[in-house]
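Remarks on the overall topology
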Amino acid sequence: MPDALRLVVFDVDGTLVDSRAHIIEAMEESFSKAGLSAPPREAVLHGVGLSLPELMAQLVPDQPADIHHALAEGYKSASLARHLAAGQDARVTFFDGMRAILDQLRSDEFTLMATATGMSRRGLDRIIAQHGLEGYFQSTQVADTHPSKPHPSMLYAALHDTCVLPQNAVMIGDTSYDMMMAKAAGTYGIGVTWGNHPAECLADADVIVDTTDALMTALATWIEDRK
């Protein structure tokens, strides 16, 4: 009997790539243009993974919705301007070992990959183009067309796109929002600790890993259990 298809879904910011410096700089510019003090770095990074309006509402809950919207738009404009000004220097970097994991999973004919990220379509497409990842992901879910994490909408869409059952899918992410989303969608969840949330925030994960070697071991075990 042939293997069933498996789906490995990745968060992007804080899981695959390290874009923290860029996020902080664009956030500071957005708040400055709105005449507001920038929130603490820790607060910004803790909210990475949420869609921008939800993140802004979390950062400045005393401000009205129109200010949250303006801050979100300001962040997107600042982020794009920085990328255009820096050119190739704006290239975000993979966390050590993550590109190798993508390459290894891609070589498995029964394993599909997807993204479920709070990034915009434009931002994700830019990373895919910069790193030559065309064809790696069979489904690319972004914040533009879904409710914010931890709503499971992105995972439902990725499962639909790939015709994979929830029990044969795993979500890999660095935040509590990723792990709550996985739990809500009925998929396995692997939390990674090199991103934006510490291990104690990843309580909904089935497994928590501290290194990419440990992640590959956890994935190998998960895949073997589904053969």
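Here, every reference points to the structure presented above.
Below is a short write-up of the structure. (Residues numbered from 1 in each chain as written. Predicted model: local features only at pLDDT ≥ 70, side-chain atom pairs only at ≥ 80, totals over all residues. Heavy atoms only, no water.)

Here the focus is empty space enclosed by the protein. In total, this model carries 1 cavity of 30 Å³ or more according to the counting rule given. By volume, the largest cavity amounts to about 40 Å³. Forming the walls of the largest cavity are Val12, Leu16, Val17, Phe94, Leu124, Ile127, Ile128, Leu133 and Phe137. The residue inventory of the lining of the largest cavity, partitioned by class, reads 9 nonpolar, no polar and no charged. (1 Å grid on protein atoms, 1.4 Å probe; cavity = no way out; pocket = protein on both sides within 12 Å on 5 of 7 lines; lining within 4 Å. Points joined across faces, edges and corners; volume = space filled by probe spheres on them. Nonpolar A, V, L, I, M, F, W, Y, C, P; charged D, E, K, R; others polar.)

Right, let's get into the pattern of salt bridges. In the structure shown here, the tally under the stated rule is 10 salt bridges. With a closest N to O distance of 3.4 Å, Asp103 and Arg99 form a salt bridge. Of this pair, Asp103 and Arg99 both sit in helix H5 (residues 98-106), 4 residues apart, which is roughly one turn of that helix. In this structure, Asp204 and Lys183 form a salt bridge, with 3.3 Å as the shortest nitrogen-oxygen distance. Here Lys183 lies in helix H8 (residues 176-185) and Asp204 lies in the loop between strand E7 (188-192) and strand E8 (207-209), a separation of 21 residues in the sequence. (Salt bridge = Lys/Arg side-chain N within 4 Å of Asp/Glu carboxyl O. Helix = DSSP H or I, 4+ residues; strand = E, 2+ residues; numbered from the N terminus.)

The next point concerns the nonpolar core. Residues Phe10, Leu215 and Leu219 are the most contacted members of the largest nonpolar core, which totals 33 residues. Elements supplying a minimum of two residues to this core: strand E1 (6-10), H5, helix H6 (121-130), strand E6 (169-173), E7 and helix H9 (212-225). Take this core: its biggest share by element is 6 residues, from H9. Apart from residues no more than four positions distant in its own chain, Leu215 is found in contact with Met98, Ile101, Ile172, Ile190, Val192, Trp194 and Val209. Within the second largest apolar cluster, 19 residues are counted, among which are Ile23, Val48, Leu50 and Leu71. (Core = buried A, V, L, I, M, F, W, Y, C linked by side-chain atoms within 4.5 Å. Buried < 20%, exposed > 50% of the residue type's maximum accessible area, 1.4 Å probe, protein only. Contact = heavy atoms within 4.5 Å.)

Below, the discussion takes up the packing of H5 against H9. Close contact between H5 and H9 brings their axes to 10 Å; oriented N to C, the two are set at 20 degrees. Between H5 and H9, the angle is such that the two are roughly parallel. Crossing handedness for the pair H5 and H9: right-handed. For the pair formed by H5 and H9, the contact residues are Met98, Ile101, Gln104 and Leu105 on the first element and Thr212, Leu215, Met216, Leu219 and Ile223 on the second. (Axes fitted to C-alpha atoms, helices over the stretch in contact; angles between N-to-C directions. Parallel < 35°, antiparallel > 145°, perpendicular 65-115°, else oblique. Left-handed = near helix turned anticlockwise from the far one by under 90°.)

Further remarks concern the sheet that holds E6. Strand order across the open sheet formed by 6 strands is E5-E4-E1-E6-E7-E8, with parallel pairing between neighbours. At either end of the open sheet lies a strand with only one pairing partner, and these are strand E5 (139-141) and E8. Ignoring strand direction, the axes of neighbouring strands in this sheet form an average angle of 20 degrees. Pairing geometry for strand E4 (residues 111-116) and E5, over 3 bridges, is parallel. Paired with Ala116 across the strands is Gln141, a residue of E5. The sheet contacts of H8 involve E4, E6 and E7, and relative to E6 the element is tilted by about 165 degrees. (Pairing = 2+ DSSP bridges.)

All right, on to the layout of surface pockets then. If you roll a probe as big as a water molecule over the atoms, it shows you where there is empty space left. Roughly 590 Å³ of volume is contained in the largest pocket. Contributing to the lining of the largest pocket are 37 residues, with Leu52, Tyr75, Gly118, Met119 and Ser120 lying nearest its centre. Broken down by secondary-structure element, the contributors of at least two residues to the lining of the largest pocket are helix H1 (20-33), helix H3 (52-59), helix H4 (65-86) and H6. No other element matches H4, which puts 8 residues into the lining of the largest pocket. Counted by class, the lining of the largest pocket contains 15 nonpolar, 14 polar and 8 charged residues.

Buried within H3 are the following residues: Leu52, Leu55, Met56 and Leu59. The buried residues of H3 occupy an angular sector of 95 degrees when projected down its axis, which confines them to one face. (Arc of directions from axis to C-beta.)

A few words now on the side chain of Asp174. Examined against the element boundaries, Asp174 turns out to sit in the loop between E6 and H8. Buried within the structure, Asp174 lacks any salt-bridge partner; Lys149 is the closest side chain of opposite charge, at an N-O distance of 6.4 Å. There is a polar contact of 3.1 Å between the side chain of Asp174 and the side chain of Thr15. (Lys, Arg positive; Asp, Glu negative; His and termini not counted. Polar contact = N/O pair within 3.5 Å; in protein donor to acceptor, adjacent residues only side chain to side chain.)

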